[in-house]
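Residues per chain, in single letters:
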Amino acid sequence: MLLKTLYTAAACNRTPHALDWADDGLIYFATKNAIAVLDPAYHGSLKIVRILAGHKGQINVVRAVRHGSSCHGGIHLLSGSNDGTCILWNTANDSVSAARFILSGHCKGVTTVEAFVESSNRLLVASGSVDSTIKLWHADNGGTRFECFQTIDLRTGLTFGLRLFPLATSNVTMLAYTTDTDMINLCVEQQAAGDAERSFVQVEQLKGHFDWVRGIDYVRLPGSNDCLLASSSQDTFIRLWRISPRESLRKQKAYADIGQHEDITLEERTFSVRAPGGKNYHYALSLESVLQGHEGWVYGVHFCVRGDEVHLLSSSIDKSLIGWTPSESGVWVESVRVGEVGGSSLGFYGGKFSPDGRSIIGHGFQGSFHLWHEDEQSAGLWKPGTIVGGHFGGVRDLAWDPAGGEYLISLSDDQTTRIHAPWRRPVEDVEQITWHEIARPQVHGYDMQCLALLSRYRLASAAEEKIIRIFQAPRNFVENFRALCGLTDDSEGNSVVDGNPMGASVPSLGLSNKAVFDVEQPATEGRHIKDMYPEHYFNPISMDRPPAEETLMQNTLWPEIQKLYGHGNELYSVAVSPDSRLIASACRAASADHAQILLWDTTTWRIVQQLSAHQLTVTQICFSPNNRLLLAVSRDRTFSVFERSTADDGSPDFQLRMRSDKKSGVHTRIIWCCDWSHDSETFATGSRDGKVVAWKRNQSGAPEYVPLAVLDLKNESITALAFARSKIGNDRYLVAIGLERGTIKLYALGEWTMLLDIGVSNAHHLTVKRLSFRPHVESHQLASCGEDGLVRIYSIEV
């Protein structure tokens, strides 16, 4: 069996140092407990090509090791997590785990890390934690593990930034770190008399900011022995500090002429270090410049050298990234400013230059990415690039477009639903296909829980509230969806384009997406006069490439057309019948009254039946493909099967055909998931007890369904399962099973023969929440989502 990952959607963790652009050209960013590897040059677009899993807590910081590929077995990457560990990664290793060394020593989460390859090819690592310590690490004599050789006690302080770098002429290593104060601390690695071990001792403090210093970076000036330190602060300022070698400790004064009769005196501060050979070297510190351009906290700074030019990038919560360069007179000036022009995002946590300095990537408060490239023909002109993204919360549900499987829609506790679709375009006369997020139909005020598609352009979703909301795709989405996906046969879309609103927006203090019509439409054509002055941000656009984050947030919403009231508690599961005539829904329940399944008629939006079978929450509902049967599983350890008939008045009438016995049933724990086979002959149920049971109709009488085969995965919890849309060899069903620990297993159903085990690096590193095979395609394509926030699509060749 051959497995290929077609698409991975992921968001960046919402911490300032969660992303780095490495010298190998790849972008590494933290997503929940794993690191995603983003290739920005994948077939002219972008694709997440790999997931590195190893941490047991959220990753706060990712740092590429510069020029470190030859040391200690090829260390390329360093990460720090809430689990209190740092991991050194060999990203060139294609094995299941690229984790080479795990540094365990902090008793609380690691928030910042730094790695530096010394001239002796020794890797030096620094880590800062919320346990108010900074630890310094190096490899032991055998090189088999890393050990902590020094701990800097910050008492009650927290560290926000670390930089290790060599001082010119002496090659002595300096450590610069910032804490929850307004100062930058400078330490150098020294060897005390009679002591074989070297340790870092503080030599200076840089004062000038008047709020916490959040970011720090270092660069060696081209053609000079001087270096610059850049520091950014919550005071909105950036300060540049120059460190210069000196022949002696004699203090010097520098004069800046600002007029005929006055000047500013810049006094240098000096310090000395002792090199390993015993020689003393002297250095001077001075303030190079103060940069003011941001209006909010500046979280990060990043230097880049392009030829003989030094560039500095600063990222701020004020929704801007600014590039700074020194002018011919030496004054640092703003050379480029990029960022969001709208939306409700709260700005940038960080930004990085590409290794060649021709591209900029920023990551925002909502886990989004923003990419710009400098125009090759016009220097200084930066254009937005195509980017990937994903949910920054756990993904709870997903569904394929029922009409043709043309897109996948996912729903998350980050309060959004998102549409992922293939972007088809010709590249050198060859059609290239890459998947991207193309729309965000719903941005809500409650954590989302479940969804179902009534048709290609109609969506039912439920959040942690008592309402089911129905949405209809607007004209602008249909037009852009057709253009991006190359869709030509779309009869339903024609009716949408002819009669639906252009777009939607969310009013202030509202939860419902309100339809937005053409601005040119006169008030006399059935519109209220107040709608002539709408309060919205929507503007119709024509897309020739996947949209940027600000476009997704405000220009791709679907208008809400109906609310369904009837449940007494928060919604938990929802399903739509294959003919789209019925919606089945269930809510959280601790009694039989609340555990009823409600059936809604999609033509009248009224409740047509209430189905009673369970005592506790119904965890999943599934209609059979032949439209005759309804399957439900529950927290009460039972499942139920209802069969459809037609009442005298023509309305559907479901009758309970079977309910499993809680005491003598096969399952002994919560049943989390269920699904029907494509021919409606078999269904399967999966439980926390580790059992997956396939059921078939009993030909000899009651009960209606009996076990066909029982799969017992001991010490596992089954949280998701799905049948493929067609059979495989030997007349067997292909079944995908998702586990609580994040792995996905593929089985051939006859006697449950395992075909493939998809591990955490290729599946999920947290609970798998939903699996679904793509309809209307010749090959087997499987979509999965999980609590780790990932949405993945696989191609499976049996």
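Basis of the calculations
- Residues numbered from 1 in each chain as written.
- Predicted model: local features only at pLDDT ≥ 70, side-chain atom pairs only at ≥ 80, totals over all residues.
- Heavy atoms only, no water.
- Helix = DSSP H or I, 4+ residues; strand = E, 2+ residues; numbered from the N terminus.
- Rg over C-alpha atoms; globule rule 2.2 N^0.38 Å.
- Contact = heavy atoms within 4.5 Å.
- Areas by Shrake-Rupley, 256 points an atom, 1.4 Å probe, with all protein chains shown as cover.
- Lys, Arg positive; Asp, Glu negative; His and termini not counted.
- Charge placed at Lys NZ, Arg CZ, Asp CG, Glu CD.
- Pairing = 2+ DSSP bridges.
- Axes fitted to C-alpha atoms, helices over the stretch in contact; angles between N-to-C directions.
- Buried < 20%, exposed > 50% of the residue type's maximum accessible area, 1.4 Å probe, protein only.
- Phe/Tyr/Trp six-rings, centres within 6.5 Å; stacked < 30°, edge-to-face > 60°.
- Lys NZ or Arg CZ within 6 Å of the ring centre and 35° of its normal.
- Salt bridge = Lys/Arg side-chain N within 4 Å of Asp/Glu carboxyl O.
- pLDDT = per-residue confidence, 0-100.

Caption draft 1: Main features of the overall build of the protein. In terms of helices and strands, the protein carries three helices and 61 strands. A compact globule built from 798 residues would reach a C-alpha radius of gyration of about 28 Å, and the protein, at 30 Å, matches this within 12%. On the principal axes, the C-alpha backbone points of the protein span a range of 105 × 70 × 55 Å. The contacts of the protein with a sequence gap of at least 6 include a subset with a gap of at least 24, amounting to 51%. If you sum the accessible surface of the protein, you get close to 32,400 Å²; carbon and sulfur atoms cover 46% of it. Of the charged side chains in the protein, 76 are positive and 91 negative, and the gap between their average positions amounts to 5 Å.

Caption draft 2: Representation of the sheet that holds strand β35 (residues 416-427). Spatially, four strands are ordered β33-β34-β35-β36 in an open sheet, and the strand pairing comes out antiparallel. Edge positions in the sheet fall to β33 (395-400) and β36 (430-443), since each has one partner strand and no second. Looking at each pair of strands side by side, their axes are set apart by 25° on average, direction ignored. As judged from the four bridges shared by strand β34 (residues 408-412) and β35, these two strands associate in the antiparallel manner. Bridge assignment links Leu 408 to a residue of β35, and that residue is His 420. Of the strands in this sheet, β35 and β36 are in contact with helix α1 (residues 475-485), which crosses β35 at around 40°.

Caption draft 3: Fine view of the pairing of strand β46 (residues 606-611). The pairing of strand β45 (residues 597-601) with β46 spans five bridges and is antiparallel. Bridging across to β46, Asp 601 finds its partner in Arg 606. Taken together, β45 and the strand that follows it, β46, pair antiparallel across an intervening segment of four residues, in which Trp 605 is found at a positive phi of about 60°.

Caption draft 4: Region of interest: the side chain of His 311. As for its placement among the helices and strands, His 311 is situated in strand β26 (residues 309-316). We classify His 311 as buried; its relative accessible area is 11%.

Caption draft 5: Region of interest: the packing of aromatic side chains. Taken as a whole and judged by the stated rule, the model has 27 aromatic pairs. Where Tyr 349 meets Phe 365, the ring centres are 5.9 Å apart and the plane angle is 40°; that geometry is what we call tilted. Placement of Tyr 349 in strand β29 (residues 348-353) and of Phe 365 in the loop between β30 (359-364) and β31 (369-374) is noted, with a sequence separation of 16 residues between them. Accessibility expressed as a relative area gives 12% for Tyr 349, which makes it buried. Look at Phe 623 and Phe 654: their rings are 6.2 Å apart centre to centre, the planes differ by 70°, and that puts the pair in the edge-to-face class. Pair noted here: Phe 623 is in strand β47 (residues 618-623) and Phe 654 is in strand β50 (residues 652-659), with a separation of 31 residues, a long-range link. Per residue, the accessibility class of Phe 623 equals that of Phe 654, and both read buried. Cluster of aromatic residues (ring-pair linked, three or more members): Tyr 407, Tyr 457, Phe 477, Phe 481 and Trp 558. Over the face of the ring belonging to Trp 423 we find Arg 425, whose NZ or CZ atom lies 4.0 Å from the ring centre. Across from the ring centre of Tyr 733, 4.7 Å away, lies the NZ or CZ of Lys 727, which sits over that ring.

Caption draft 6: Structural context of unusual backbone geometry. For Thr 236, which is not glycine, the phi torsion reads 80° and is therefore positive. Relative to the helices and strands, Thr 236 is located in the loop between β19 (227-233) and β20 (237-246).

Caption draft 7: Up close: the pattern of salt bridges. All chains considered together, the criterion is met by 40 salt bridges. Residues Glu 189 and Arg 122 are paired through a salt bridge, measuring 3.1 Å at the closest nitrogen-oxygen approach. One end of the pair, Glu 189, is in strand β16 (residues 183-191); the other, Arg 122, is in the loop between β10 (110-117) and β11 (123-129), with 67 residues separating them in the sequence. Residue Glu 189 is classed as buried on the basis of its relative accessible area, which comes to 4%. The salt bridge partner of Asp 490 is Arg 482, with a shortest N-O separation of 3.0 Å. Connected through salt bridges with shared partners, the residues Asp 414, Arg 418, Glu 437, Arg 440 and Glu 549 form a single ionic network.

Caption draft 8: Spotlight on the sheet that holds strand β53 (residues 691-697). Here we have four strands laid out as an open sheet, ordered β51-β52-β53-β54, and antiparallel in their pairing. Edge strands, defined here as strands with exactly one partner in the open sheet, are β51 (671-676) and β54 (705-712). This sheet shows a mean twist of 20° between the axes of neighbouring strands, independent of strand direction. Sheet analysis places β53 next to β54, joined by seven bridges and oriented antiparallel. Opposite Val 692, over in β54, you have Leu 711 as the bridge partner.

Caption draft 9: Representation of the confidence of the model for the protein within the structure. The share of residues in the protein with pLDDT of 70 or more is 91%, and the mean pLDDT across the chain is 89. Under a pLDDT of 50 for its full length, residues 254-265 has, in the predicted model, 13 contacts with residues more than four places off or in other chains.

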